[in-house]
Amino acid sequence: MISVLFFPHRWKNWWVRGILTLAMIGFFFIIIYLGPIVLMMIVMCVQIKCFQEIIMIGYNVYHSYDLPWFRTLSWYFLLCVNYFFYGETVTDYFFTLVQNEEPLRILSKYHRFISFALYLMGFCMFVLSLVKKHYRLQFYMFGWTHVTLLIVVTQSHLIIHNLFEGMIWFIVPISCVICNDIMAYMFGFFFGRTPLIKLSPKKTWEGFIGGFFSTVLFGILLSYFMAGYSYFVCPVEYNSDTNRFAVDCVPPDLFQLQEYHIPAVIQSFIGWKTVWMYPFQIHSIALSTFASLIGPFGGFFASGFKRAFKIKTFGAASSQTVGGKAGIEPTYVTYL
């Protein structure tokens, strides 16, 4: 580890990233081992942290220091939206538990009405908080909060839905994104010459293409390994007899090995006429392709977002101060 200090900056950065990557992958394996419920809790924590960061950026960028109730209302709307989404999820996946408990049965029966009433209450509080000299700014922040809710809460809700259908639907896409990020960096580091996009000057076409092929191959191999274990492919269900969550089932056809005929053009190259695959591996090709071609644009979007508001990292928005008040100034930060 001491010898790393004597490498050139480029290689020192490579070693630091490599060590941190291995540590994070190890932590990811531990989370997977702890089961789907822990994964869901992690997703919820990430959702809350993302919401906090984006709201704080709006708070600082628009200098919303004197807006009455702004942060209180933002968190209230987050609570309302989560109540609506996750109330629907609980009703769908834990119907037996809901029907056995009287309070839960009443909440389930009137869930959408309660959600609508809660939102209307927040809407009325926002209108009552309007101040003459801050009308435009308050409506800016009202829209900022709702767009943040749309982006952050909707994604986390869909991720948790995937988890309920089986951990493989969560782990494979997430792992493909991680693999693409790592392999794009590796190929870019060793072979990168051609810039890919101005938003991220260090991204190269060589890294983008190398990451694509590596991720597709990784997705096929990972899905082959995971599809053989019911722990990964079975939906998460609530067992009313034991009052516990269970992951146990007979794997559906999607996770049963099947024989596929190889096209004649490919047969001439590899010499095989048929191959045994899990049907899910075909899904994994689509998932890994999406992670390779569309996934990087999420990073580009984040880079553009940070440049638009002149912040280096998302955590910087809540820690920078200017003249005793939080704010973002070009002299205090640098672009990536």
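Residues numbered from 1 in each chain as written. Predicted model: local features only at pLDDT ≥ 70, side-chain atom pairs only at ≥ 80, totals over all residues. Heavy atoms only, no water.

Engineer: Please clarify how the overall build of the protein should be interpreted in this entry.
Structural biologist: Each helix and strand counted, the protein has 13 helices and eight strands in total. Every one of the 336 residues in the protein was classed for burial, and the buried ones make up 35%. Put simply, of all contacts in the protein between residues at least 6 apart along the chain, 65% involve residues at least 24 apart. Total accessible area on the protein is roughly 20,500 Å²; 71% of this is exposed by carbon and sulfur atoms. (Helix = DSSP H or I, 4+ residues; strand = E, 2+ residues; numbered from the N terminus. Buried < 20%, exposed > 50% of the residue type's maximum accessible area, 1.4 Å probe, protein only. Contact = heavy atoms within 4.5 Å. Areas by Shrake-Rupley, 256 points an atom, 1.4 Å probe, with all protein chains shown as cover.)

Engineer: Whenever I open this one, the environment of Ser108 confuses me. Can you help?
Structural biologist: Residue placement: Ser108 occurs in helix H5 (residues 102-109). In the structure, Ser108 is positioned 16 residues away from Asp92 in sequence and 9.9 Å away in space, judged by C-alpha atoms.

Engineer: Even after reading the chapter, I still don't get helix H9 (residues 205-226), so can you show me in this structure?
Structural biologist: Each α-helix winds once per 3.6 residues, and so residues spaced three or four apart point in a common direction. Here H9 is 22 residues long and its end C-alpha atoms lie 31 Å apart, about the 32 Å a rise of 1.5 Å per residue gives. Among all positions in H9, only Gly207, Phe208, Gly210, Gly211, Phe212, Ser214, Thr215, Val216, Gly219, Leu222, Ser223 and Met226 are buried. Residues of H9 that are buried in the fold lie against helix H8 (168-191), strand E1 (195-197), strand E2 (200-204), helix H10 (230-233), helix H12 (279-293) and helix H13 (295-308). (Expected span 1.5 Å × (residues − 1).)

Engineer: Help me understand the pairing of E2, please; the structure alone is not making it clear to me.
Structural biologist: Put simply, side chains in a regular strand alternate between the two faces of the sheet. The sheet contact formed by E1 and E2 spans two bridges and is antiparallel. Within the sheet, the bridge partner assigned to Pro195 lies in E2 and is Thr204. The antiparallel pairing of E1 with E2 creates a hairpin that spans two residues between the two strands. (Pairing = 2+ DSSP bridges.)

Engineer: I would appreciate a short explanation of the packing of aromatic side chains in the present structure.
Structural biologist: Given two aromatic rings, their pairing is described by the distance between the two centres and the angle made by the two planes. By the definition in use, this model includes 22 aromatic pairs. Look at Phe77 and Phe142: their rings are 5.9 Å apart centre to centre, the planes differ by 80 degrees, and that puts the pair in the edge-to-face class. Highlighted residues: Phe77 in helix H3 (residues 70-93) and Phe142 in helix H7 (residues 135-165), separated in sequence by 65 residues. Considering the side-chain rings of Trp169 and Phe280, the 4.9 Å spacing of their centres and the 85 degrees angle between planes classify their relative orientation as edge-to-face. Of this pair, Trp169 sits in helix H8 while Phe280 sits in helix H12; the two residues are 111 residues apart in sequence, bridging distant segments of the chain. Judged by relative accessible area, Phe280 falls into the buried class, the value being 0%. (Phe/Tyr/Trp six-rings, centres within 6.5 Å; stacked < 30°, edge-to-face > 60°.)

Engineer: Can you help me understand the UniProt feature "transmembrane region" (unreviewed entry) in the protein in this one?
Structural biologist: Here the UniProt feature "transmembrane region" (unreviewed entry) sits at residues 20-46, 67-86, 113-131, 138-160, 166-187, 208-232 and 282-302. Along residues 282-302 one finds 95% helix and 0% strand; the C-alpha atoms at either end are 30 Å apart. (UniProt positions renumbered as here; feature names shortened; annotations may be inferred.)

Engineer: Just to check I follow, could you spell out a nonpolar patch on the surface for this structure?
Structural biologist: On the surface, Trp11, Trp15, Ile19, Phe190 and Phe191 cluster together to form a nonpolar patch covering roughly 480 Å² of accessible area. When contributions to the nonpolar patch are tallied by element, the ones reaching two or more residues are helix H1 (9-34) and H8. Sort the elements by how many residues they give to the nonpolar patch and H1 lands first, with three residues. Here Trp11 is to be found in helix H1. Exposure remark for Trp11: the relative accessible area of 32% places this residue in the partly exposed category. (Patch = residues over 30% accessible without salt bridge, like charges linked within 9 Å, V, L, I, M, F, W, Y side chains within 5 Å. Salt bridge = Lys/Arg side-chain N within 4 Å of Asp/Glu carboxyl O.)

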